[in-house]
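Structural overview
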Amino acid sequence: MSPQPLYSRVLLKVSGEALMGEGQYGIDVDTVGRIAGEIKQATDAGIQVCLVIGGGNIFRGLSGAAKGMERASADYMGMLATVMNALAMQQSLESIGVPTRVQSAIPMMTVCEPYIRRRAVRHMEKGRVVIFAAGTGNPFFTTDTAAALRAVEMGCDALLKGTQVDGVYSADPHKVANAERYDRLTYMDVLSRDLKVMDASAISLARENGIPIIVYSIDDARLRQRSDGYRPLHHHLGRGLISPDRRQKRPEGQEMADTDFDLDDVERRMRGALQALKQEFGGLRTGRASASLLEPIVVEAYGQSMPINQVGTIGVPEPRMLTVQVWDKGMVSAVEKAIRNSGLGLNPNIDGTLIRLPIPELNQERRAELSKIAAKYTEQARVAVRNVRRDAMDELKRLEKDAHMGQDDHKAWTDKVQKLTDKIVAEIDAALAHKEAEIMQV
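As the structure is a prediction and not an experimental result, all values here were calculated from the model.

For the protein chain, the helix and strand inventory stands at twelve helices and 15 strands. Residues classed as buried in the protein chain amount to 47% of the 442 residues present. In the protein chain, 68% of the contacts between residues at least 6 apart in sequence involve partners at least 24 apart. Total accessible area on the protein chain stands at roughly 21,900 Å², and carbon and sulfur atoms take up 49% of it.

To continue, consider unusual backbone geometry. Phi angles above zero are rare outside glycine, and A134 is one such case at about 70°. Of note in the backbone geometry, F140 takes a positive phi value of approximately 75° without being a glycine.

As a further point, take the pairing of strand 2 (residues 48–53). The buried fraction of strand 2 amounts to five of the six residues, a majority that puts the element mostly inside the structure. Both strand 1 (residues 9–14) and strand 2 contribute to a ladder of six bridges, which runs parallel. Each bridged residue has a counterpart across the sheet, and for L12 the counterpart in strand 2 is L51. Assessed by its sense of winding, the connection that carries the chain from strand 1 through helix 1 (residues 29–44) to strand 2 is right-handed. As paired strands, strand 2 and strand 5 (residues 129–133) are joined by three bridges and run parallel to one another. Bridge pairing in strand 5 places L51 opposite I131.

Moving on: the sheet that holds strand 12 (residues 312–318). Here we have four strands laid out as an open sheet, ordered 12-13-15-14, and antiparallel in their pairing. Both outer strands of the open sheet, strand 12 and strand 14 (349–351), are each paired with one neighbouring strand and no more. Strand after strand, the sheet turns through a mean of 25° between neighbouring axes, direction not considered.

Quick look at the confidence of the model for the protein chain now. Looking at the protein chain as a whole, its pLDDT mean stands at 80, while 84% of the residues score no less than 70. Contacts for the low-pLDDT stretch residues 221–232, under 50 throughout, to residues beyond four places or in other chains number 15 contacts. Confidence drops under a pLDDT of 50 for residues 234–259, and excluding neighbours within four residues, the segment shows 63 contacts in the predicted structure.

What follows covers the packing of aromatic side chains. Scanning all chains against the criterion turns up one aromatic pair. It is R150 that lies over the ring of Y115; its NZ or CZ is 3.7 Å from the centre. Cation over ring: K416 sits above W413, and NZ or CZ is 4.5 Å from the ring centre.

Between helix 5 (residues 143–153) and helix 7 (residues 200–209), the shortest axis-to-axis distance is 8 Å and the interhelical angle comes to 15°. The angle between the axes of helix 5 and helix 7 places the two elements in the roughly parallel class. Considering the relative orientation of helix 5 and helix 7, their crossing is left-handed. Here D144, T145, A148, L149 and V152 of helix 5 come into contact with helix 7, specifically with S201, A202, L205 and N209. In the contact of helix 5 with helix 7, the residues fall into five nonpolar, three polar and one charged.

Parameters and conventions
- Residues numbered from 1 in each chain as written.
- Predicted model: local features only at pLDDT ≥ 70, side-chain atom pairs only at ≥ 80, totals over all residues.
- Heavy atoms only, no water.
- Helix = DSSP H or I, 4+ residues; strand = E, 2+ residues; numbered from the N terminus.
- Buried < 20%, exposed > 50% of the residue type's maximum accessible area, 1.4 Å probe, protein only.
- Contact = heavy atoms within 4.5 Å.
- Areas by Shrake-Rupley, 256 points an atom, 1.4 Å probe, with all protein chains shown as cover.
- Pairing = 2+ DSSP bridges.
- Right-handed = clockwise from strand over helix to strand, strands pointing away.
- Axes fitted to C-alpha atoms, helices over the stretch in contact; angles between N-to-C directions.
- pLDDT = per-residue confidence, 0-100.
- Phe/Tyr/Trp six-rings, centres within 6.5 Å; stacked < 30°, edge-to-face > 60°.
- Lys NZ or Arg CZ within 6 Å of the ring centre and 35° of its normal.
- Parallel < 35°, antiparallel > 145°, perpendicular 65-115°, else oblique.
- Left-handed = near helix turned anticlockwise from the far one by under 90°.
- Nonpolar A, V, L, I, M, F, W, Y, C, P; charged D, E, K, R; others polar.

In structure tokens form, the structure reads like this:
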């Protein structure tokens, strides 16, 4: 019987250079096919997989900038290279029966889907592999940062980085013969020692969200020469193969008894309720203009539903004025319709491709109504947190009943869950107080 996977949802970061195989440039079809086969093994085991692929095998923005190109333009060229790699991986995966979707941070409708977080999550829940292309869509950010960002947004249990070495070393082992190999590191170890695993912003983002990073070799040729043999991607996802003691995947400073109870997951779910509340608050119109007011609006564009910020640029030129600079002239009427149907009470004024949205003054009655709505949203968030607490307590009772946890440990973990609950509820109450003050401000 095969072991149960330790992680149910993972993001795989693959460098563009890994797709070159033994070549010096471009895409090696056999190498892409081998990686696709390993991904299929993982999905066959029930693991939800998403990918971020670099573009260094085709074009690297930093290299272009070093040769005199303007950095932003060079980075955009690098993003387009990642789209090419993503399409190559999609074709290879689908040729072996793995359903996929490519989502690009730079919209290109005739080639792939635009990046929409909720849609990506639904694809993964349906067993599709989602390949994220074009990095973050912004220059000056690497695909490492894009990988960490997407891993957080997708709620991944781990970020796996496939490299050309079998782990993290103090220096490049291909160049330094006595480079030290580390079996385990904290996030701060990587940052303080300036280890070139991923860039600092990616490490910091993973650290803040408690996402473990597993570094393994995606280069089968080198590992097959080792005495312990080649270990494919699926090997690194099996229980006990990377982290037999679950403490290995805790954030720095988090202690944990030798049980399957996951306090980090409890906190992640509770904070999900807090984040959802803040998004709801963003949609409550106050007397001041805020770009977050428009973010929940969805526009019917190019035959599909898209967030308004993916068809235009939202601006706040004045305290009581919002603007939407629509990128495609043909989409202006669709954006206007979406705003009018949003229920926000806004009256769009169209000037070419620019839509102006005056924010009317709120009367006292409307302020009181908005405060009641905010209180309702807050209570829903509290209920969601209490539900997570109840599930955690039930799990602790089960672990104690099945003799996986002693009474002392049970009490200690129960106290931690209660303290965490009190902390998140206090943050929810603080968010309500801030929103009420904003609503009532004249």
